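The lines below spell out each chain.
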Amino acid sequence: MRAPLTDLPIVLEDVSLIAGGVTILDRISLAVAAGSPTVLVGPNGAGKTTLLRLIMGLVSPLHGRVTWGGRENAAPTHRSIVFQRPVMLRRSAAGNIRYALAAAGVPRAKRDTRASELCALVGLDGLSERPARKLSGGEQQRLALARALAKEPQILLLDEPTASLDPAATKAIEDVIRAVVGRGIKVVMSTHDLHEAKRLAGDIVLMHRGRVIESSPADAFFCAPRSEDARRFIAGELLV
């Protein structure tokens, strides 16, 4: 029997991306393997969002190459992404999830049950019939996570999923992320919150000016950073 296809590891080899004459990603080489979450950190404009889009396959590098499980140009069948400001459809929370399930090819007869399961997973089971656009910011973000999980991805990409959320909403999102990781899904996410990175990360990727400054296991990054830029960033000093 043929082994099922996997998009892991994701390998970037000397990748550069330029838009409007501006270098967004600059000669990045990086491997993303199965396991605990990979967390991207760095100042605004470092290239974190663009890197997530590249891993998803939404943009292509100008130079270098990206492979998913050893394959180039792999369709994003096994990958999902949640952007920082997800758009809610004009329907209920459960209706948003059913729409995502339909797009993922889930048979109509199974959508209601699956939507209920996903609502429960993200802690929205009591709000499933509420209009999605009337949910709080944190609830909308959890709904976006449920929609992203509709196609049962191997890899979940999250762009600052707790940005601007209060501590309770942040904890709710982090709990969902832990539950997702417990199901064997690889999470790659960006955050500006170093405390969140410490709580969730298996490994850290520090970016600055489109480059990867340091990539290492989270414990090593926070306890014994290798570069001066990493030491300054952890200390809260602005990288310029």
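Small disclaimer: the values here were computed from a predicted structure and weren't measured. (Residues numbered from 1 in each chain as written. Predicted model: local features only at pLDDT ≥ 70, side-chain atom pairs only at ≥ 80, totals over all residues. Heavy atoms only, no water.)

Peer 1: How do you make sense of the overall build of the chain when you look at a structure like this?
Peer 2: Scanning the chain from N- to C-terminus turns up eight helices and nine strands. Radius of gyration (C-alpha) of the chain: 18 Å, near the 18 Å computed for a compact globule of 240 residues. Here the chain holds 240 residues, and 48% of them are scored as buried. Considering only residue pairs separated by 6 or more positions, the chain has 66% of its internal contacts joining residues 24 or more positions apart. Here the chain displays about 11,900 Å² of accessible surface, and carbon together with sulfur accounts for 51% of that area. Charge separation in the chain, taken as the distance between the mean sites of 32 positive and 24 negative side-chain charges, equals 7 Å. (Helix = DSSP H or I, 4+ residues; strand = E, 2+ residues; numbered from the N terminus. Rg over C-alpha atoms; globule rule 2.2 N^0.38 Å. Buried < 20%, exposed > 50% of the residue type's maximum accessible area, 1.4 Å probe, protein only. Contact = heavy atoms within 4.5 Å. Areas by Shrake-Rupley, 256 points an atom, 1.4 Å probe, with all protein chains shown as cover. Lys, Arg positive; Asp, Glu negative; His and termini not counted. Charge placed at Lys NZ, Arg CZ, Asp CG, Glu CD.)

Peer 1: For this particular structure, what's the right way to read the packing of helix α4 (residues 137-148) against helix α5 (residues 167-182)?
Peer 2: Geometry of a packed helix pair, given as the angle between the helix axes and the separation of the axes. Here α4 crosses α5 at 10°, and the two axes come no closer than 9 Å. By the criterion of interaxial angle, the relationship of α4 to α5 is roughly parallel. Touching G138, Q141, R142 and L145 of α4 are A169, A172, I173 and V176, all from α5. Of the residues in the contact of α4 with α5, the class split is five nonpolar, two polar and one charged. (Axes fitted to C-alpha atoms, helices over the stretch in contact; angles between N-to-C directions. Parallel < 35°, antiparallel > 145°, perpendicular 65-115°, else oblique. Nonpolar A, V, L, I, M, F, W, Y, C, P; charged D, E, K, R; others polar.)

Peer 1: Mind showing me how you'd approach the sheet that holds strand β4 (residues 63-68) here?
Peer 2: Neighbouring strands of a sheet are bound in pairs by backbone hydrogen bonds; such pairs are parallel or else antiparallel. Judged by pairing direction, the sheet is antiparallel, and its three strands sit side by side in the order β2-β1-β4 without closing on themselves. Each edge of the sheet is formed by a strand with only one pairing partner; in this case those strands are β2 (22-32) and β4. Between one strand axis and the next, the sheet turns through 25° on average, direction left out of account. As defined by bridge partners, strand β1 (residues 10-19) adjoins β2 across seven bridges and the pair is classed as antiparallel. The residue of β2 that forms the bridge with I18 is T23. This element, helix α1 (residues 48-56), spans β1, β2 and β4 of the sheet and lies at about 125° to β1. (Pairing = 2+ DSSP bridges.)

Peer 1: Explain the pattern of salt bridges to me, please; I cannot follow it from the model alone.
Peer 2: Pairing is possible between side chains that carry opposite charge, provided their charged atoms lie close to one another. Across all of its chains, the model carries 16 salt bridges by this definition. The shortest N-O distance in the salt bridge between E152 and R114 comes to 3.7 Å. One end of the pair, E152, is in the loop between α4 and β6 (155-159); the other, R114, is in helix α3 (residues 108-121), with 38 residues separating them in the sequence. For E152, a relative accessible area of 57% translates into the label exposed. Judged by its relative accessible area of 16%, R114 is buried. In this structure, a network of salt bridges that share partners links the residues K171, E174, D175, R178 and R199. (Salt bridge = Lys/Arg side-chain N within 4 Å of Asp/Glu carboxyl O.)

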